[in-house]
Amino acid sequence: DMLVYALIAFVIMNLLSMITPRTLESFRMRVLSHGTTCLKAFIPVTVMSAVYHIGFLVFTVVNSLEWDMLLFSALMCTCVLAVLFWNGIICVYCTSVQLGIKHRVIGIVLGPFFPFNLIMLYKIIKVTSVEFVFEKEKFIINKERADKQICKTTYPLLLVHGMFFRDSKYLNYWGRIPGELEKNGAVIYYGEHQSASSVRECALELAERIKKIVSDTGCEKLNIIAHSKGGLDCRELLAVTDAAKYVASLTTVNSPHRGCKFADCLLDTFSESMQTKVANTYNAALSRLGDTNPDFMKAVRDLSSSVCTERDAATPLPDGVFTQSIGSKLERAMGGKFPLNYSYHLVKHFDGANDGLVGEESFKWGDNYIFVKPSEKRGISHADMIDLNRENISGFDVREFYVKLVSELKERGL
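Keep in mind the model is a prediction, meaning the values are calculated, not measured. (Residues numbered from 1 in each chain as written. Predicted model: local features only at pLDDT ≥ 70, side-chain atom pairs only at ≥ 80, totals over all residues. Heavy atoms only, no water.)

1. Section: the overall build of the protein chain
Then comes step 1: In terms of regular secondary structure, the protein chain is built from 14 helices and 6 strands.
Then comes step 2: Projected onto the principal axes, the alpha-carbon positions of the protein chain cover approximately 95 × 55 × 40 Å.
Then comes step 3: Taking all 414 residues of the protein chain together, 50% fall into the buried category.
Then comes step 4: Within the protein chain, contacts between residues at least 6 apart in sequence are counted, and of these 77% link residues at least 24 apart.
Then comes step 5: Roughly 20,900 Å² of accessible area belongs to the protein chain as shown, and the carbon and sulfur atoms make up 63% of that amount.
Then comes step 6: If you average the places of the 46 positive and of the 44 negative side-chain charges in the protein chain, the two averages end up 3 Å apart. (Helix = DSSP H or I, 4+ residues; strand = E, 2+ residues; numbered from the N terminus. Buried < 20%, exposed > 50% of the residue type's maximum accessible area, 1.4 Å probe, protein only. Contact = heavy atoms within 4.5 Å. Areas by Shrake-Rupley, 256 points an atom, 1.4 Å probe, with all protein chains shown as cover. Lys, Arg positive; Asp, Glu negative; His and termini not counted. Charge placed at Lys NZ, Arg CZ, Asp CG, Glu CD.)

Quick look at the structure:
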């Protein structure tokens with residue numbers, strides 16, 4: 001049966017493609033490409049096999065032939081197609097970033113049900129194909145500009161996380177951004193401060209972190225990029241600590257410089273006993289993950305509009321430090337991932353246009369302000385700005401956004 005041999009040869013060829021060097025960035029991308037190729041081949045080959053065996057069946061019945069050859073051919077083709085399909089689906093499930101949990105779960109649930117399984121398979125192929133092309137283009141861009149080291153700033157970068165997160169090598173708060181910056185020459189350090197505490201306490205902790213980096217490396221200064229509450233912590237650092245002399249620039253990303261009225265609402269709505277219960281649960285959990293002295297309620301209170309507005313007025317722009325801020329806007333709730341898709345409407349009620357967590361009017365601060373225009377009808381959320389969901393958003397390449405941001409710091413001599 002020539003079709004069987006052709007299918008077997010195709011599978012062997014694709015298996016070999018997994019270990020053959022390719023001009024791709026990583027083994028993950030080679031496996032993703034291989035899996036997508038297998039799935040693309042699966043659909044037309046399945047149709048060809050079905051047509052062939054229907055014809056074989058008619059021929060067998062009309063000529064009153066034995067059924068053994070038909071059954072053998074059908075069995076062999078089914079086995080080869082199964083290898084082709086599972087080879088492809090396992091590869092893309094294990095390597096694709098863009099499929100997400102939703103596509104994976106729906107694909108499993110609809111697997112046994114024809115024709116919904118084919119429709120879902122088509123969607124999976126579409127997602128992984130676009131992902132592969134996008135990543136390949138990024139690889140080519142980075143390869144072409146590698147010698148320019150456009151993100152090799154005079155002073156290293158310090159990335160400062162926001163509230164409710166700790167820096168971890170297993171789950172980077174900044175998603176794929178640090179890797180992209182490092183490919184273009186950046187040297188990166190992390191704040192490594194408490195996940196939740198008051199702005200003042202976080203500022204003091206970050207000041208010690210900066211002094212240690214400068215002392216250990218001799219880098220003289222740092223360029224800080226801080227997200228959300230991290231931006232407030234760093235502003236406080238510049239205002240109240242002696243570490244300000246070690247800061248060349250501060251860029252705040254979606255930071256609530258004038259607070260969140262949404263935070264005021266939560267503080268007014270929940271009883272003191274409920275606040276204490278939530279705080280104790282959070283503090284206990286984060287203590288096990290590395291926080292030495294987490295304080296949930298101090299962090300939340302320091303995000304209220306009254307406290308932030310007062311602090312904003314009391315901390316003028318620092319001398320000798322380039323300052324800028326970035327903000328974005330989420331156009332509709334469904335554009336944000338959980339839990340921002342739920343908080344969006346509440347924040348909109350109190351703060352108007354927002355990124356799912358912080359009102360647009362709170363972003364602007366510093367010598368320069370960059371507003372990320374919404375991508376189509378989706379918009380850009382609070383989490384999108386740090387690539388927390390590792391999502392390739394149409395019209396907004398977050399990794400390239402930061403490459404451009406850091407390259408401009410380099411152009412300023414920072």
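2. Observations regarding the packing of aromatic side chains
Then comes step 1: A full pass over the atoms with the stated rule returns 10 aromatic pairs.
Then comes step 2: Ring-pair connections join several aromatic residues into one group, and the members of that group are Phe165, Tyr173, Trp174, Phe396, Phe401 and Tyr402. (Phe/Tyr/Trp six-rings, centres within 6.5 Å; stacked < 30°, edge-to-face > 60°.)

3. Some words on the sheet that holds strand β2 (residues 188-190)
Then comes step 1: As summarised here, the arrangement of the 6 strands in space is β2-β1-β3-β4-β5-β6, forming an open sheet in which the pairing is parallel. Lying at the two open borders of the sheet, with one neighbouring strand each, are β2 and β6 (368-372). Averaged over all neighbouring strand pairs, the angle between strand axes comes to 20°, with direction disregarded.
Then comes step 2: Sheet topology note: the strand β4 (residues 247-253)/strand β5 (residues 322-328) ladder contains 5 bridges and is parallel. From the neighbouring strand, serine 249 faces β5, where its bridge partner is phenylalanine 322.
Then comes step 3: Strand contacts of helix α7 (residues 199-217): β1 (157-160), β2, β3 (222-227) and β4, with the helix running at about 145° to β2, the strand carrying the most contacts. (Pairing = 2+ DSSP bridges. Axes fitted to C-alpha atoms, helices over the stretch in contact; angles between N-to-C directions.)

4. Some words on the nonpolar core
As a rule of thumb, soluble globular proteins bury nonpolar side chains together.
Then comes step 1: Of all hydrophobic cores here, the largest spans 26 residues; its most connected members are Trp174, Leu181, Ile225, Met385, Phe396 and Tyr402.
Then comes step 2: Taken together, the elements giving at least two residues each to this core come down to β1, α6 (177-183), β2 and α14 (398-411).
Then comes step 3: Considering each element in turn, this core owes the most residues, 6 residues, to α14.
Then comes step 4: Apart from the residues within four sequence positions on either side, tyrosine 402 is in contact with Trp174, Ile177, Leu181, Ile225, Val253, Met385 and Ile386. (Core = buried A, V, L, I, M, F, W, Y, C linked by side-chain atoms within 4.5 Å.)

5. Concerning the packing of helix α2 (residues 27-62) against helix α3 (residues 68-95)
Then comes step 1: The contact between α2 and α3 brings their axes to 8 Å, and the two run at 160°. It follows that α2 is roughly antiparallel to α3 by the angle criterion. The hand of the α2/α3 crossing is left-handed.
Then comes step 2: Classifying every residue of the contact of α2 with α3 gives 20 nonpolar, 11 polar and 1 charged. (Parallel < 35°, antiparallel > 145°, perpendicular 65-115°, else oblique. Left-handed = near helix turned anticlockwise from the far one by under 90°. Nonpolar A, V, L, I, M, F, W, Y, C, P; charged D, E, K, R; others polar.)

6. Some remarks on the pattern of salt bridges
Then comes step 1: The final tally for this structure, using the stated rule, is 23 salt bridges.
Then comes step 2: Linking glutamate 135 and arginine 399 is a salt bridge whose minimum nitrogen-to-oxygen distance equals 2.8 Å. Of the two residues, glutamate 135 sits in helix α5 (residues 116-144) while arginine 399 sits in helix α14, which places them 264 residues apart along the sequence.
Then comes step 3: Residue class for glutamate 135 comes out buried when judged on its relative accessible area of 6%.
Then comes step 4: By relative accessible area, arginine 399 is classed as buried at 5%.
Then comes step 5: Residues lysine 298 and glutamate 201 are paired through a salt bridge, measuring 2.9 Å at the closest nitrogen-oxygen approach. (Salt bridge = Lys/Arg side-chain N within 4 Å of Asp/Glu carboxyl O.)

7. Considering α7
Then comes step 1: Its 19 residues give α7 an end-to-end C-alpha distance of 27 Å, which sits within 8% of 27 Å, the value for a rise of 1.5 Å per residue.
Then comes step 2: Among all positions of α7, only Val199, Cys202, Ala203, Leu206, Ala207, Arg209, Ile210, Ile213 and Val214 are buried.
Then comes step 3: Among the structural elements, β1, β2, β3, α8 (229-240), β4 and α12 (305-314) are those in contact with the buried residues of α7.
Then comes step 4: Of the residues one or two after α7, glycine 218 is the one with positive phi, at around 70°. (Expected span 1.5 Å × (residues − 1).)

8. So, the environment of aspartate 216
Then comes step 1: In this fold, aspartate 216 is placed in helix α7.
Then comes step 2: Given a relative accessible area of 53%, aspartate 216 falls into the exposed group.
Then comes step 3: Of the polar contacts made by the side chain of aspartate 216, one reaches the side chain of lysine 212; its length is 2.7 Å. (Polar contact = N/O pair within 3.5 Å; in protein donor to acceptor, adjacent residues only side chain to side chain.)

9. Some thoughts on the pairing of β5
Then comes step 1: By the criterion of burial, β5 is predominantly enclosed, with 7 of the 7 residues buried.
Then comes step 2: Across the two faces of β5 the burial is the same, with Phe322, Gln324, Ile326 and Ser328 and Thr323, Ser325 and Gly327 all buried.
Then comes step 3: One crossover worth recording links β5 to the parallel β6 by way of helix α13 (residues 340-351), and it is right-handed. (Right-handed = clockwise from strand over helix to strand, strands pointing away.)

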